[in-house]
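One letter stands for each residue in the lines below.
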Amino acid sequence: MRAIVDCNSFYCSCERLFKPHLKNKPVVVLSNNDGCIISRSDEAKSLGVAMAGPYFKARPLIEKYNVATFSSNYNLYGDLSWRVMETLRMQLPENCVEVYSVDECFLDLSHIDAKDIAEFSLHLKETVEQWTGIKVSIGVAPTKVLCKVANRLSKKHKEATNCMLVLDTPRKTEQALQKTPVEEIWGVGYQYAEKLRRYSINTAFDLSKKDIAWAHKHLGGVTGAKLIRELKGIESIQMMQELVNKKMIATTRMFGSPVTELTDIKEAVATYTSRAAEKLRRQHGAADTISVFVVPKEQSHNTYFRHGPTISSYITLPLATSCTNELIKPAVALVDRLYEKGRLYKKAGVMLSGIVPDRSIQGNLFNPASDNKNRLLMSMMDNVNFAMRDDVLKFASSGTSRDWKMRQELRSPRYTTRWEELYEVK
């Protein structure tokens, strides 16, 4: 058996954890720059607050019903996510937890007797909630896709299921599939759902009755075949080992307000390069390719929102490196290629690829010894910045005022990662 543990309205739950007075009150969390709604409590959903809708459109409704609103606080969410995952790792044998996203993970329960599955799942749920304060839902089934089906139904009928559903018999599985619309199946998007309806497939149960040959022909080949096998209870999507070292590292941000000046974009790109280089060094890697992109703001008076075109370029370095200064220089040079005077820009980003272990990089015999000591300098910078936070040490090219920084006007304190923002008990 497999299980999925899903944190309920995770970002909202994190905010409520340090604000008990918001229990059973409507809460929403906004995306970068306070643009869209990315998390809603059940109470906010019942008021009609739309998911992924623009904040300015929902604002009248939010103000009418006094909905608590927060900017994204990723320091807090990331730390609490780690605590939830660590709690689960402590309850299970090694390599039985696969972190799927910031608020979801799959579990391998093959070591638990079938008769004890429900009791053990309840134990996991109660332990996570007691140790971390984050409410979770658990779906248990023979396959990952069926786990997602079970988890969706457990969250949809919270009072009846206590946020936990175990599909351990063919009858339970069949009933769950019949209650699941085809567009709610894990891996089926809007276009595929429309296509399946043309074949009179309206529920997960209808799809589970199709054979593998049909899936190969009409549902994307091997991927579709795996999906149908999983719906039939045949495991086809294996548990994955945690990806420790990334093959590509990116740092991207929306600007707080549209930017027109070249110097502002260069400062932003230098800052994003510094952040990406820190991540690179954290996994003891070095990159030989750096890509930079900018996104102009569309000057359109249409009623429909449009993303501007992404303009990008890249450069391959002579040698792989993890030194911030050696990465900032080509990154800033790429901005000169991409920038067009007179245009408004709303977003920029940096991506590092061609990543190799830094121990495999050969030193340059023809460079002075001082040039080969940059790694020690970078290590010292990382240690200071980690201890002191907020980029105490940074390169001058990253700027000082940073007027382009994204808006977070409604962000709550970073209670668990900043000494000066610790929660106060009065």
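Heads up: these notes are all about the structure in this document.

The rules we used
- Residues numbered from 1 in each chain as written.
- Predicted model: local features only at pLDDT ≥ 70, side-chain atom pairs only at ≥ 80, totals over all residues.
- Heavy atoms only, no water.
- Helix = DSSP H or I, 4+ residues; strand = E, 2+ residues; numbered from the N terminus.
- Buried < 20%, exposed > 50% of the residue type's maximum accessible area, 1.4 Å probe, protein only.
- Areas by Shrake-Rupley, 256 points an atom, 1.4 Å probe, with all protein chains shown as cover.
- Lys, Arg positive; Asp, Glu negative; His and termini not counted.
- Charge placed at Lys NZ, Arg CZ, Asp CG, Glu CD.
- Core = buried A, V, L, I, M, F, W, Y, C linked by side-chain atoms within 4.5 Å.
- Contact = heavy atoms within 4.5 Å.
- 1 Å grid on protein atoms, 1.4 Å probe; cavity = no way out; pocket = protein on both sides within 12 Å on 5 of 7 lines; lining within 4 Å.
- Points joined across faces, edges and corners; volume = space filled by probe spheres on them.
- Pairing = 2+ DSSP bridges.
- Axes fitted to C-alpha atoms, helices over the stretch in contact; angles between N-to-C directions.
- Salt bridge = Lys/Arg side-chain N within 4 Å of Asp/Glu carboxyl O.
- Parallel < 35°, antiparallel > 145°, perpendicular 65-115°, else oblique.
- Left-handed = near helix turned anticlockwise from the far one by under 90°.
- Nonpolar A, V, L, I, M, F, W, Y, C, P; charged D, E, K, R; others polar.

**A closer look at the overall build of the chain**
Point 1. Along the chain, the regular secondary structure elements total 15 helices and twelve strands.
Point 2. Along the first, second and third principal axes, the C-alpha atoms of the chain reach 70 × 55 × 50 Å.
Point 3. A total of 426 residues make up the chain; the buried ones form 46% of that total.
Point 4. Put simply, the chain shows about 23500 Å² of open surface, and 53% of that area lies on carbon and sulfur atoms.
Point 5. One way to put it: in the chain the 61 positive side-chain charges average out to a point 4 Å from where the 48 negative ones average out.

**Notes on the nonpolar core**
In globular proteins that are soluble, nonpolar side chains generally tend to be buried together.
Point 1. Counting residues in hydrophobic clusters, the biggest one holds 37 residues, and the most contacted among them are F10, L88, L107 and L109.
Point 2. In terms of residues, this core owes the most to one element, helix α4 (residues 74–91), which gives six residues.
Point 3. Setting aside its immediate chain neighbours within four residues, L107 contacts M1, R2, A3, V5, L88, L92, C96, V97, L124 and M239.
Point 4. Listed in part, the 29 residues of the second largest apolar core include A176, A204, I228 and M239.

**Regarding empty space enclosed by the protein**
Point 1. Counted under the stated rule, the structure contains one cavity of 30 Å³ or more.
Point 2. Size it by volume and the largest cavity reaches roughly 100 Å³.
Point 3. The wall of the largest cavity is formed by 15 residues, among which S274, E278, N385, D391 and L393 lie closest to the centre.
Point 4. Only α13 (262–282) and α15 (374–388) provide two or more residues apiece to the lining of the largest cavity.
Point 5. The leading source of residues in the lining of the largest cavity is α13, at five residues.

**Section: the side chain of S13**
Point 1. In this fold, S13 is placed in helix α1 (residues 10–17).
Point 2. The contacts of S13, once residues within four sequence positions are left out, are N8 and I134.

**Quick notes on the sheet that holds strand β2 (residues 27–30)**
Point 1. Spatial ordering of the open sheet is given by β3-β2-β4, a layout of three strands whose pairing is mixed. Each edge of the sheet is formed by a strand with only one pairing partner; in this case those strands are β3 (37–40) and β4 (68–70). The sheet shows a mean angle of 25 degrees between the axes of neighbouring strands, direction not considered.
Point 2. When β2 meets β4, the two strands line up parallel, connected through three bridges. Residue pairing for β4: V29 is matched across the bridge by F70.
Point 3. Seen against the sheet, α1 touches β2, β3 and β4 and runs at an angle of roughly 115 degrees to β2.

**Topic: the pattern of salt bridges**
Point 1. Overall, the coordinates contain 26 salt bridges when judged by the stated rule.
Point 2. K144 is the salt-bridge partner of E98, the closest N and O atoms lying 2.7 Å from each other. A residue pair is termed long-range when its members are at least 10 positions apart, and E98 in strand β5 (residues 97–101) and K144 in helix α6 (residues 144–156) qualify at 46 residues. For the pair E98 and K144, a shared accessibility class is recorded, and that class is buried.
Point 3. Notably, a salt bridge pairs R275 with E278, separated by 2.7 Å at the nearest N-O pair. Placement of the pair is R275 and E278 together in helix α13, with a separation of three residues, close to one helical turn.
Point 4. For E278, a relative accessible area of 15% translates into the label buried.

**Some details on the pairing of β5**
Point 1. For β5 and strand β6 (residues 104–108), the ladder comprises four bridges, and the chain directions are antiparallel. Each bridged residue has a counterpart across the sheet, and for V97 the counterpart in β6 is L107.
Point 2. Hairpin connection from β5 to β6: two residues lie between these consecutive antiparallel strands.

**Brief notes about the packing of α4 against helix α5 (residues 117–132)**
Point 1. Here α4 crosses α5 at 140 degrees, and the two axes come no closer than 10 Å. Looking at the two axes, α4 sits oblique to α5. The handedness of the crossing between α4 and α5 is right-handed. Contacts between α4 and α5 involve R83, V84, T87, L88, M90 and Q91 from the first element and F120, H123, L124, T127, V128, W131 and T132 from the second.
Point 2. Among the residues forming the contact of α4 with α5, the class breakdown is seven nonpolar, five polar and one charged.

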